[in-house]
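One letter stands for each residue in the lines below.
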Amino acid sequence: MASLWLDTAPPIGFDEAGRRDADVAVVGAGITGLMTAALLAGRGARVVVLEARDHVGAVATGNTTAKVSLLQGDRLHRALGLARRDAVEAFVEGSIAGQSRLRSLLAARGAPAEERTAISFAFTPAGVAALEREVEAARGLGIPVESSGAEALPFRVAGAIQLIEQAQVQPVAMLAALAAELREHGGRIVRAAVRSVRTVGRGVELETGSGVWRAGTAVLATGSPVPARATSALLTASRSYAAAYRTSAPLPEPMAISVDSPSRSIRSAAGPGGAVLVAGGPGHAVGRHADPRRLVDELDRWVRSYWPDAERTHVWSAQDYATPDLLPWIGARPGSRGRVLLATGFDKWGMSSGAMSALALAGRIAGEEPEWARTLRRRGTTIAALGQAAGAFGAVVAADARATASALKPASTPAEGEGELGREGLRLVATSTVDGETRRVSAHCPHVGALVAWNTQDRSWDCVAHGSRFAPDGSRLEGPADCPLRALRRAPREPVAG
Ligand SMILES: Cc1cc2nc3c(=O)[nH]c(=O)nc-3n(C[C@H](O)[C@H](O)[C@H](O)COP(=O)(O)OP(=O)(O)OC[C@H]3O[C@@H](n4cnc5c(N)ncnc54)[C@H](O)[C@@H]3O)c2cc1C
């Protein structure tokens, strides 16, 4: 099902490819790519945005909950425990600059963000302690977070903190405004899936299914950077589910998110027949939840416990990526001599981090990189972040081992809507049945060869290692893999014993 945002905003079309060269080729038409491209085009650069999917906003940005907030759950105090203080300060400065530039751009295009108070809340004593640490961290970093806000929520909580004058957007309308800004300055958005990006002479070549593009610089604004195998292998991918509900009960005025588990977030939004509630549920490491359908059922039950007549109108899902120190990576792909830039690691807060990345990348390309961006880019890795990375690597190995153990039974034909791993001779096969069609594809993700697992809610094959996702026919949906799962046609014969 399409998200509320994609369902209620007019689609953003593509341009003709024309000449396949540009000063800057931006890969990916989410907030990061479109805002980077719009800023560069506004400075006079010839810019093209290359987008793999058949519509703009198809991946995270069209399936977000779109709170543009500097209060991001309890992220700041956790980042202070993992990164150097000057890097967190630079992150805050960049977030403020990104949020402010995005809001002024949207206002200038006649699509202003709606101003709202942002609230982080907790149901448990451990959550309240995290909120206290967050207030202290935020104030120390110059963000005036207050220890209040519980009374503005439509349910009882154990504690809340708030930050006024934040914002929420309709993210597809936001992308439309960025696309209009880009096009007004001569930029283009072209449908093309980029397979490889090579540095050649003084520029780059981007190989796509429809030909080679040449540019001075490439920007990978693809969520998990693709193609950039080494960088993407250091990220953790987390997927979550959101839904919109029609209800006669009052809707929340603020935007709010819990800091304890299971995660809950709420905001209001314009729906097809009036305002609706948008609620978000818990995340899970991509490919590592046995039955994500259950998470949506639990979210429904939670919503109906406070809005009893809530009727679900839309349900959707998306994923985002986190770095070991929880701060975004905005810099150059290793070995690219600064010609292939990338931005990733927004940890589900890409409305401000994507905007911040756009300022950093456009500034760098124009020779005016902000000081905060340089500090953020040059930060080292702390021992705490190394520990985090080691833990994430261990979790990947364990998840792959569990998936392998579950795949050793003989392959069979799953029921409608289901998918299973199984063995056929010496190979592992991923078999699914969707809309009456049974399809068999390789069970190994082409990124680093880890196994995929069936997502019962999204009906997709999701890699248990770094979050690549594939449709039942194996075609790539998102994530670091740069090609599809191999389709398997005939089952090989079992070896004859004796
Ligand atoms: C459930 C959920 C709720 C969230 N809520 C919030 C929130 O309230 N506030 C907030 O700030 N953030 C939120 N986020 C995070 C935010 O949505 C993301 O960080 C942000 O949208 C990322 O934008 P992006 O442009 O970097 O990536 P995307 O929007 O994913 O765009 C990347 C684009 O690159 C394209 N692409 C990929 N590979 C290729 C290729 N090889 N060739 C061509 N194109 C390619 C993709 O098709 C895609 O369109 C949420 C995330 C999730 C998962």
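In this text, all values refer to a predicted model and were calculated from it rather than measured experimentally.

*Asks:* Sorry, what's going on with the domain arrangement of the protein chain here?
*Replies:* Where the parts come together, the accessible area they lose is often given as the size of the interface. Examined at the domain level, the protein chain breaks down into domain 1 (4–377) and domain 2 (406–478). Each of domain 1 and domain 2 was reduced to a C-alpha centroid, and the two centroids are 28 Å apart. Between domain 1 and domain 2, the contact holds 22 residues from the first and 18 residues from the second. For the pair domain 1 and domain 2, the two sides together bury roughly 1,700 Å², of which 43% comes from carbon and sulfur. Taken together, domain 1 and domain 2 are joined by three salt bridges. Residue D458 pairs with R239 through a salt bridge whose shortest N-O separation is 2.8 Å. Our count for the contact surface shared by domain 1 and domain 2 stands at 13 residue pairs in polar contact (both at pLDDT 80 or more). Mapped by element, the contributors of at least two residues to the side of domain 1 that touches domain 2 are helix 7 (229–232), strand 10 (236–246), helix 8 (292–306) and strand 14 (311–322).

*Asks:* Honestly, the pattern of salt bridges in this entry has me stumped. Any pointers?
*Replies:* Pairing between side chains of opposite charge can happen when the charged atoms of each approach one another. On inspection of all chains with the given rule, the structure shows 34 salt bridges. One salt bridge in this structure joins D300 and R312, with 2.7 Å as the shortest N-O distance. Residue D300 is found in helix 8, and its partner R312 is found in strand 14; the two are separated by twelve residues along the sequence. Looking at R312, the relative accessible area reads 34%, which means it is partly exposed. Look at the salt bridges and you will find they share partners, linking R239, D458, D462, R469 and E478 into a network.

*Asks:* I tried to follow the nonpolar core on my own but got confused; where do I start?
*Replies:* Within soluble globular proteins, side chains that are nonpolar generally end up buried alongside one another. Residues L34, L76, L102, M174, L178 and L182 are the most contacted members of the largest nonpolar core, which totals 86 residues. When residues no more than four places from it in sequence are discounted, the contact partners of M174 are I31, T61, L102, L106, V169 and M351. In this structure, V396, L428, A443 and W454 belong to the second largest nonpolar core, which totals 23 residues.

*Asks:* In this structure, what is going on with the packing of helix 2 (residues 31–42) against helix 4 (residues 85–108)? I would like to understand it.
*Replies:* Relative placement of two packed helices is described by the angle separating their axes and the distance separating the axes. Contact geometry for helix 2 and helix 4: axes closest at 12 Å, N-to-C directions at 70 degrees. Comparing the axis directions of helix 2 and helix 4 gives the class roughly perpendicular. Each of I31, M35 and L39 in helix 2 lies in contact with helix 4, whose residues at this interface are G98, R101, L102 and L105. Taken together, the residues of the contact of helix 2 with helix 4 break down into five nonpolar, one polar and one charged.

*Asks:* I'm lost on the site of the ligand in this one. Help?
*Replies:* The ligand sits among 34 residues. The nearest are E51, T61, T65, D320 and M351. Contact between the ligand and T32: an oxygen atom at 2.8 Å from a side-chain N or O atom of the residue. For the ligand, a nitrogen atom lies 3.2 Å from a polar atom in the side chain of R476. Bound to the protein, the ligand loses 96% of the 1,000 Å² it would expose on its own. Put simply, the parts of the chain that give the shell around the ligand at least two residues each are helix 2, strand 2 (47–51), strand 14 and helix 9 (350–365).

*Asks:* What should I look at first to understand the pairing of strand 1 (residues 21–27) in this one?
*Replies:* Within a regular strand, side chains alternate between the sheet's two faces. For strand 1, the buried fraction is high: six of the seven residues fall into the buried class. With helix 2 bridging strand 1 and its parallel neighbour strand 2, the resulting β-α-β unit is right-handed.

*Asks:* Mind showing me how you'd approach the packing of helix 2 against helix 9 here?
*Replies:* Two elements in contact, helix 2 and helix 9, have axes whose closest approach is 8 Å; the angle formed by their N-to-C orientations is 35 degrees. Here the hand of the crossing between helix 2 and helix 9 comes out right-handed. Within the contact between the two elements, helix 2 uses I31, T32, M35, T36, L39 and L40 and helix 9 uses G350, M351, G354, A355, S357, A358, L359, L361, A362 and I365. Among the residues forming the contact of helix 2 with helix 9, the class breakdown is eleven nonpolar, five polar and no charged.

*Asks:* Any chance you could explain the environment of G280 here in plain terms?
*Replies:* Residue placement: G280 occurs in strand 13 (residues 274–285). Taking the C-alpha atoms as reference points, G280 and I266, separated by 14 residues in sequence, lie 6.4 Å from one another. Every residue in contact with G280, bar those within four places of it in the chain, is listed here: Y241, A242, S263, R264, S265 and L299.

*Asks:* Please clarify how the side chain of E181 should be interpreted in this entry.
*Replies:* Considering the arrangement of structural elements, one finds E181 in helix 6 (residues 171–184). Those residues in contact with E181 that sit more than four places away from it in its chain are A38, L105 and R109.

*Asks:* Help me understand the sheet that holds strand 19 (residues 437–442) in this model?
*Replies:* Working definition: the strands of a sheet are paired by backbone hydrogen bonds and lie parallel or antiparallel to each other. Strand order in the open sheet made by the three strands is 17-18-19, with antiparallel pairing throughout. The outermost strands of the open sheet, each flanked by one partner alone, are strand 17 (419–424) and strand 19. Taking the axes of each pair of neighbouring strands and ignoring which way they run, one obtains an average angle of 30 degrees across the sheet. Note that strand 18 (residues 427–434) and strand 19 share six bridges and pair antiparallel. Residue pairing in the sheet places T431 in a bridge with R440 of strand 19.

*Asks:* So what exactly am I meant to see when it comes to helix 5 (residues 125–140) here?
*Replies:* Helical geometry: 3.6 residues make up each α-helical turn, so side chains three or four residues apart lie on a common side. Taking 1.5 Å of rise per residue, 16 residues should cover 22 Å, and helix 5 covers 23 Å from first to last C-alpha, within 8% of that figure. Turning to helix 5, its buried residues are G127, A130, L131, E134, V135, A137 and A138. Looking at the buried positions of helix 5, the neighbouring elements they touch are helix 3 (75–80), strand 4 (114–122) and strand 5 (159–168). Once helix 5 finishes, G142 follows within two positions and takes phi at roughly 90 degrees, a positive value.

Rules and cut-offs
Residues numbered from 1 in each chain as written. Predicted model: local features only at pLDDT ≥ 70, side-chain atom pairs only at ≥ 80, totals over all residues. Heavy atoms only, no water. Domains from an automatic or database assignment. Contact = heavy atoms within 4.5 Å. Buried area = accessible area lost by both parts, 1.4 Å probe. Salt bridge = Lys/Arg side-chain N within 4 Å of Asp/Glu carboxyl O. Polar contact = N/O pair within 3.5 Å; in protein donor to acceptor, adjacent residues only side chain to side chain. Helix = DSSP H or I, 4+ residues; strand = E, 2+ residues; numbered from the N terminus. Buried < 20%, exposed > 50% of the residue type's maximum accessible area, 1.4 Å probe, protein only. Core = buried A, V, L, I, M, F, W, Y, C linked by side-chain atoms within 4.5 Å. Axes fitted to C-alpha atoms, helices over the stretch in contact; angles between N-to-C directions. Parallel < 35°, antiparallel > 145°, perpendicular 65-115°, else oblique. Nonpolar A, V, L, I, M, F, W, Y, C, P; charged D, E, K, R; others polar. Near = heavy atom within 4 Å. Areas by Shrake-Rupley, 256 points an atom, 1.4 Å probe, with all protein chains shown as cover. Right-handed = clockwise from strand over helix to strand, strands pointing away. Left-handed = near helix turned anticlockwise from the far one by under 90°. Pairing = 2+ DSSP bridges. Expected span 1.5 Å × (residues − 1).

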